[in-house]
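Architecture and fold: a report
Here is what each chain is made of, one letter per residue.
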Amino acid sequence: MSTTLAARRLALCASFLLPGLAMSSWVTRTPAIRDLLGASTAQMGIVIFGLSLGAMAGILCSGPLLARLGAKPLIAFGTLGVAVSVPLIGLGAAAQIDGFVIAALALFGLSMGGSEIALNVEGADVEAISGRPFLPALHGSFSLGTLIGAALGIVATAADFSVVTHLMTIGLSGIVILLVCIRFLPPATGRRQKPNTPAYRSERAVWRDSSLWLIGVIVLAMAFAEGTANDWLPLIMVDGHGLNPALSSTVFAVFAAAMTLGRFLGGPVVQRFGRAWVLGASALSAVVGISLVAFVDNSVVAGVAVVLWGLGASLGFPVAISSAGASGENSATRVAFVTVIGYIAFLVAPPLLGFVGERAGLRGALVIPLLVLFVSIFLSPVARTQRSSIQIGKP
């Protein structure tokens, strides 16, 4: 591998680590933030929905911006937005202003939703150039970030450390990552052909590919499984299994560790067994793990089950995205298409569980991601569709 490509891989991994670090820092402090705001479960669902609204805006804007500018500017502005928004969440909670926290989460979602589609397009391009799986490791960097953030959150929660100071430190880390990494990314990955050219008309035909829509459903299910844990797992363990906030953060750290392990070790597994087998086994593992958390009234069993949940969710999202890129021509368009579907599920669907959880309890609300995952098990054979060469994002 060339020095330039290696530096690009490291820069992308570091850039993908930051959203995971920021997300888990927010998630592990949600019990403290809920207490500062004095919010109910339904009210926390509304607060979290601010993140989802921002993410939806970022996702809807990212496609046209990616086509016009390429991935690098979106990654730069997204990283900056994440770094700024995380401290604002803490400041809003400390001031006990719900609207401020919602606005800060909206900025966080806007920044993350826009930039991570660009990061996935960059990652798929590296995968095509190197000829080796890279997306699992790239998403593993996100999971490593969640693991680091969860560990810091456990310490901060146990020590009753200031939410503002904690999240301010995370924001400053994001600025450092941006300054160091952005210069290693090429300027035009994902920039599309001009309208009214044969290449542009070929890109439009991607939307009529039924197999790509089925892969999109798999991405949606896997993203739903991961996003549910990222948004709700600590509160599920507190409200549903009676753990204290420090122990609930520890359970989330176990989930993050399982995600990280699965993604960093997943490349050889994908090469050995193929995408379809990995996607089916991943969905089944997540179904078993979530079912145990939801239906077994035992905190120890739930703590162990999150390992299955995390391992199941770890490879599903990146492997399905890789399958989309390998499913036909115009890989950048295909990757962007299914990534949009995934991030809609990752950031929009889980907050809706708050409203269901208000009536059925958070454990009862887990039936929703379970049903979607169950469908994805039967769709996994579609990932066998692939082609021998992939050309991504060349202007």
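Refer to the structure presented above.
A short tour of the structure in this document, coming up.

1. Looking at the overall build of the chain
- Of the regular secondary structure elements, the chain holds 15 helices and zero strands.
- Expected size for 395 residues packed as a compact globule is a radius of gyration near 21 Å; at 20 Å, the chain falls within 12% of this value.
- Across its three principal axes, the chain shows a C-alpha extent of roughly 55 × 40 × 35 Å.
- Counting every position in the chain, which comprises 395 residues, the buried fraction comes to 57%.
- The contacts of the chain with a sequence gap of at least 6 include a subset with a gap of at least 24, amounting to 85%.
- Accessible area of the chain: about 14,700 Å², with a carbon and sulfur share of 68%.

2. Notes on the nonpolar core
- W26, L233 and W309 are the most contacted members of the largest nonpolar core, which has 109 residues in total.
- A per-element tally of this core places helix 9 (residues 210-240) first, with 15 residues.

3. What about helix 13 (residues 299-325)?
- Helix length check: helix 13, at 27 residues, gives a terminal C-alpha distance of 40 Å against a target of 39 Å (1.5 Å per residue), a fit within 8%.
- Buried residues dominate helix 13, accounting for 20 of its 27 residues.
- Two or three places before V300, at the opening of helix 13, N298 has a side-chain oxygen 2.9 Å from that residue's backbone nitrogen.

4. Considerations on the packing of aromatic side chains
- For the structure on display, the rule yields six aromatic pairs.
- Ring centres 4.9 Å apart and planes at 80° place the aromatic pair W213 and F337 in the edge-to-face group. Of this pair, W213 sits in helix 9 while F337 sits in helix 14 (residues 331-365); the two residues are 124 residues apart in sequence, bridging distant segments of the chain.
- Residue class for W213 comes out partly exposed when judged on its relative accessible area of 43%.
- Between the aromatic rings of F255 and W309, the centroid separation amounts to 5.8 Å while the plane-to-plane angle is 75°, which identifies the pairing as edge-to-face. On the criterion of sequence distance, the pair formed by F255 in helix 10 (residues 245-264) and W309 in helix 13 is long-range, its members being 54 residues apart. Pair check on accessibility: F255 and W309 agree, each one buried.
- Ring pairing ties together the aromatic residues F252, F255 and W309, which thus form one cluster.
- A cation over a ring is seen here: R272 above F273, with NZ or CZ 4.9 Å from the ring centre.

Thresholds, definitions, all that
- Residues numbered from 1 in each chain as written.
- Predicted model: local features only at pLDDT ≥ 70, side-chain atom pairs only at ≥ 80, totals over all residues.
- Heavy atoms only, no water.
- Helix = DSSP H or I, 4+ residues; strand = E, 2+ residues; numbered from the N terminus.
- Rg over C-alpha atoms; globule rule 2.2 N^0.38 Å.
- Buried < 20%, exposed > 50% of the residue type's maximum accessible area, 1.4 Å probe, protein only.
- Contact = heavy atoms within 4.5 Å.
- Areas by Shrake-Rupley, 256 points an atom, 1.4 Å probe, with all protein chains shown as cover.
- Core = buried A, V, L, I, M, F, W, Y, C linked by side-chain atoms within 4.5 Å.
- Expected span 1.5 Å × (residues − 1).
- Polar contact = N/O pair within 3.5 Å; in protein donor to acceptor, adjacent residues only side chain to side chain.
- Phe/Tyr/Trp six-rings, centres within 6.5 Å; stacked < 30°, edge-to-face > 60°.
- Lys NZ or Arg CZ within 6 Å of the ring centre and 35° of its normal.

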